[in-house]
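Coordinate inspection notes
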Amino acid sequence: MVAIEELLHRRSDLSTFVVHFTRDGEEASARDNLEAILHSQTIEARTVYGMAKRLAETNPDVADSQRTVCFTETPLEHAWMMCQDIDNRQIRFNGYGLAFTRTFTRKRGTNPVWYLDITPGHDWLTTPVNELVQKAVTDATPPGAPGPATDELLASPILRLTPFMEQMGTPSGVRKEFWWEREWRHVGHFGFAPQDIVVVFAPEEDHDDLLRTIESWDEYFRVPAIVDARWGLERMIAALARVRDKGPFPT
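In this report, we go over the structure that sits alongside the text.

Cut-offs and rules
Residues numbered from 1 in each chain as written. Predicted model: local features only at pLDDT ≥ 70, side-chain atom pairs only at ≥ 80, totals over all residues. Heavy atoms only, no water. 1 Å grid on protein atoms, 1.4 Å probe; cavity = no way out; pocket = protein on both sides within 12 Å on 5 of 7 lines; lining within 4 Å. Points joined across faces, edges and corners; volume = space filled by probe spheres on them. Helix = DSSP H or I, 4+ residues; strand = E, 2+ residues; numbered from the N terminus. Salt bridge = Lys/Arg side-chain N within 4 Å of Asp/Glu carboxyl O. Contact = heavy atoms within 4.5 Å. Phe/Tyr/Trp six-rings, centres within 6.5 Å; stacked < 30°, edge-to-face > 60°. Buried < 20%, exposed > 50% of the residue type's maximum accessible area, 1.4 Å probe, protein only. Lys NZ or Arg CZ within 6 Å of the ring centre and 35° of its normal.

Let us now look at the layout of surface pockets. A water-sized probe rolled over the atoms picks out the places where empty space is left. The computed volume of the second largest pocket comes to approximately 580 Å³. The wall of the second largest pocket is formed by 27 residues, among which His20, Phe21, Thr22, Arg23 and Arg46 lie closest to the centre. When residues of the lining of the second largest pocket are traced back to their parent elements, those giving at least two are strand S1 (16-21), helix H2 (30-40), strand S2 (42-43) and strand S4 (67-75). Among the elements that make up the lining of the second largest pocket, the one with the highest residue count is S4 (5 residues).

Summed over all chains, the structure comprises 12 salt bridges. With a shortest N-O distance of 2.7 Å, Arg31 and Glu35 are connected by a salt bridge. A residue pair is termed a helical-turn pair when its members lie 3 or 4 positions apart in one helix, as Arg31 and Glu35 do in helix H2 at 4 residues. The network of salt bridges with common partners includes Arg31, Glu35, Asp206, Asp209 and Arg212.

Examined against the element boundaries, Thr126 turns out to sit in helix H6 (residues 126-139). Here Thr126 is in contact with Met51, Leu116, Asp117, Ile118 and Gln167, once residues within four sequence places are set aside.

With that settled, the discussion passes to the packing of aromatic side chains. Remark: the centre distance and the inter-plane angle together describe each pair of aromatic rings, the angle taken between the planes. The full count for this structure, using the stated rule, is 8 aromatic pairs. Ring geometry for Phe21 and Phe201: centres 5.1 Å apart, planes at 40°, overall tilted. In this pair, Phe21 is assigned in strand S1 and Phe201 in strand S11 (residues 199-201), connecting sequence segments 180 residues apart. Exposure class is identical for Phe21 and Phe201. Each is buried. Look at Phe100 and Phe104: their rings are 5.8 Å apart centre to centre, the planes differ by 25°, and that puts the pair in the stacked class. Of the residues examined, Phe104 reaches a relative accessible area of 14% and is grouped as buried. Put simply, the rings of Phe71, Phe100, Phe104, Phe190 and Phe192 touch in pairs and so form one group of aromatic residues. Positioned over the ring face of Trp231 is Arg235, at 4.4 Å from the centre of the ring.

As structure tokens, then:
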């Protein structure tokens, strides 16, 4: 008998992947962050997302349980849009990143984000979720104690779901970021091997230097094709097929 888990992971799509783009930080550039990810073969979970964000602000242990690695589901040929300036969008990626198959990331515990509409008149589901979070705090707080018992709080089922719940909509006429993109998240650090990567994204002018950097770590370290998010699909296919000469595939 085929296991249910195998059936869930059997569906695939050759054109749509989950993409993680790095960003510039206070101490490192987007390229530096990409190199660190490739070298360690780990994407660090750095930011708390989801409906328990406020609770995490006052409880470091809860924060650790809510830190995620974020991915966006997109066809490779649409990745360029994530690196563009878009009205009302606070983040612009610089074109350094990685793409994985959805099957691989799902087996590692990555799940799509469930968006809760907070537009006035459509926010009927937001309130009960917030009430469940508060109930978890109340249930985990012994009588007379100043706060909840951490272990009991972290065992609450709602806190296992909150990293995958995000608000979206137009409260007060302000559109929340990313609501038009299909976001996926992984709780905790996301580990991988070089062969698990579909492509590495980097601006074309950095490809040769990036390859030399990677090869300097270990002569046996091999990455799949390096593509530029600005390329068209045909050029990306050529790179995936290891066609070094552009030939009939212009940028």
